[in-house]
Amino acid sequence: MSRQTTYAVGDRVEATVGPVAHGGHMVARVPVPAGPDHEASTVVVFVRHALPDERVVIEITDVAKRFLRGDAVEVLEPSPDRVPAPCSLSGPGGCGGCDFQHVALPAQRRLKAAVVAEQLQRLAGLEVPVDVKMVPGAPDGLHWRTRMQYVGLPGGGHGLRKNHSHDVVPVPECLIEAPGARIVLAGEPPSRGTITETVRDRTFEVAADGFWQVHPGAPETLVSAVLGLLAPQPGERAMDLYAGVGLFTAFLAEAVGPTGSVVSIEGDRRASDLAVSNLADLRNVKIKAGRVDRVLIDLDTMADIVVLDPPREGARKQVVDAVVDLAPRAVAYVACDPAALARDLSYFAARGYRLAELRSFDLFPMTHHVECVALVERSY
Ligand SMILES: C[S@@+](CC[C@H](N)C(=O)[O-])C[C@H]1O[C@@H](n2cnc3c(N)ncnc32)[C@H](O)[C@@H]1O
């Protein structure tokens, strides 16, 4: 019997759960007995619905070449951080939308901090103390998500997918959905409508199905972190890369003032067009539509400060190199995936730019997701 066929989907095995891992699960190891072609060993199981140090019964849900996935279906020795899940649809075999409904909110933030620290250590060789801060707007971690994407059900109603599955669980009421949330059904044709969002004294028109942060406290939290870390000075040249409808561009432009400038680059044509109208009053802003890597190559300019807010996959080496070629004194990197952030920080480090400060925010309570803002500065 080879290692990977020792366990089959549906098998149950008892284990003590180890640390949290990136992706909303914990790591456990279960025994693999000796076979004709291998000695006795252990195999990793990524366990959902568990907590570190708990003794649980794991039901295997997926068998991959080098690891297993499983759900904690019985908790024999619970963690003090375990709470009854507010949502009855979460748990083994249930909705895959939330990973941490069974975890007290302060402990959710500690788990996320451990993941960020681990990713920075493993992928960028950085030892950084991480503290994930609560964000105003959802004290109980519920009813915060202002945009929801559901899957329509054949007989009416909607649902969300199970974890690692195409199966859909009907969700008549989602507890993280905010009252009045914008609801989109997967596969619907693009919407032509827009929504108006207000941040500080400015309004931003956003496509109804376009990108805008989903936590009501997120725009102010992130603007404040970015401005606080970069400390833009009057007269500085700024760049806002992956700029969306111009959230950071607007406040950078106000901060650098009429003697400074902001170049704003966004790949989605509709978002870029909306940025033009959202920022029409700011004479020191230039908006460029196109892919960041392509637009940067054609730009014959330098920058003092840069905001980098890429999608989940991160900026990657080519864009990091192009940013370093602008010779900025500081970069604020806004990241929704700590693994992509850590990888890109290692590219910055190779070019002489070091992580100077990291702030982390719980913009996605009940899920494993976490947002970071990293200040990267020239170290030479
Ligand atoms: C995380 S959002 C940030 C948007 C904006 N900074 C905000 O806070 O509202 C990432 C943005 O990058 C855009 N994008 C994705 N890939 C891109 C690329 N290669 N070049 C330019 N923009 C891109 C998306 O359309 C999206 O608007």
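No experiment lies behind these values; they were computed from the predicted model shown.

### Some details on unusual backbone geometry
Stage number 1. For H49, which is not a glycine, the phi torsion comes out positive at approximately 65°.
Stage number 2. Mapped onto the secondary structure, H49 falls in the loop between β3 (41-48) and β4 (55-63).
Stage number 3. One non-glycine residue, M366, adopts positive backbone phi at about 80°.
Stage number 4. Within the secondary structure, M366 is located in the loop between β18 (353-362) and β19 (371-378).
Stage number 5. The class of M366 is buried, set by 27 C-beta atoms lying within 10 Å.

### A look at the sheet that holds strand β7 (residues 145-152)
Within a sheet, adjacent strands bond to each other through the backbone by hydrogen bonds, running parallel or antiparallel.
Stage number 1. Strand order in this open sheet of four strands is β9-β8-β7-β10, and the pairing throughout is mixed. On the outer flanks of this sheet lie β9 (168-170) and β10 (177-185), each paired with one strand and no other. Ignoring which end each strand starts from, the neighbouring axes of this sheet average 55° apart.
Stage number 2. Looking at chain direction, strand β8 (residues 158-161) and β9 are connected through three bridges and run antiparallel. Residue R161 lies in a different strand from β9, and its bridge partner there is V168.

### Quick word on the site of the ligand
Stage number 1. Around the ligand sit 17 residues, and of these Y242, G244, G267, D268 and D309 come closest.
Stage number 2. For the shell around the ligand, the elements supplying multiple residues, two or more each, are α3 (247-256) and β14 (261-266).
Stage number 3. Tallied by class, residues from the shell around the ligand come to eleven nonpolar, two polar and four charged.

### Quick notes on the domain arrangement of the protein
Stage number 1. Here the protein is described as being made up of domain 1 (3-82) and domain 2 (115-378).
Stage number 2. A straight line from the C-alpha centre of domain 1 to that of domain 2 covers 34 Å.
Stage number 3. The interface is formed by seven residues belonging to domain 1 together with seven residues belonging to domain 2.

### Examining the pairing of strand β12 (residues 202-207)
Stage number 1. As paired strands, strand β11 (residues 194-199) and β12 are joined by six bridges and run antiparallel to one another. Residue pairing across strands places I195 opposite V206, the latter belonging to β12.
Stage number 2. Taking the residues that link successive antiparallel strands as the turn, the β11-β12 hairpin has two residues, and the phi of R200 there is positive, at about 50°.

Basis of the calculations
- Per chain, residue numbering runs from 1 following the sequence as it is written.
- In keeping with the predicted nature of the model, local features appear solely for residues at pLDDT of at least 70, side-chain atom pairs appear and are counted solely at 80 or more, and the whole-chain, interface and lining totals rest on all residues.
- Elements are defined by DSSP. Helices are runs of H or I of four residues or more, strands are runs of E of two residues or more, and each kind is numbered from the N terminus.
- Exposed residues have 12 or fewer other C-beta atoms within 10 Å of their own C-beta, buried residues have 20 or more, and partly exposed residues fall in between, where C-beta atoms are placed from the backbone.
- Pairing between two strands is assigned when DSSP locates at least 2 bridges connecting them.
- For helices, the fitted line uses only the C-alpha atoms of the stretch in contact; every axis is such a line through C-alpha atoms, and the angle between N-to-C directions lies from 0 to 180 degrees.
- For each residue, a C-beta atom is positioned from the backbone; the residue is called near a molecule or strand if that atom sits within 6 Å of it.
- Asp, Glu, Lys and Arg are counted as charged, while Ala, Val, Leu, Ile, Met, Phe, Trp, Tyr, Cys and Pro are counted as nonpolar; the rest, among them Gly, fall into the polar class.
- Start and end positions for the domains come from either an automated domain assignment or a database one.
- A pair of residues counts as a contact when their C-beta atoms, built from backbone coordinates, are separated by no more than 7 Å.

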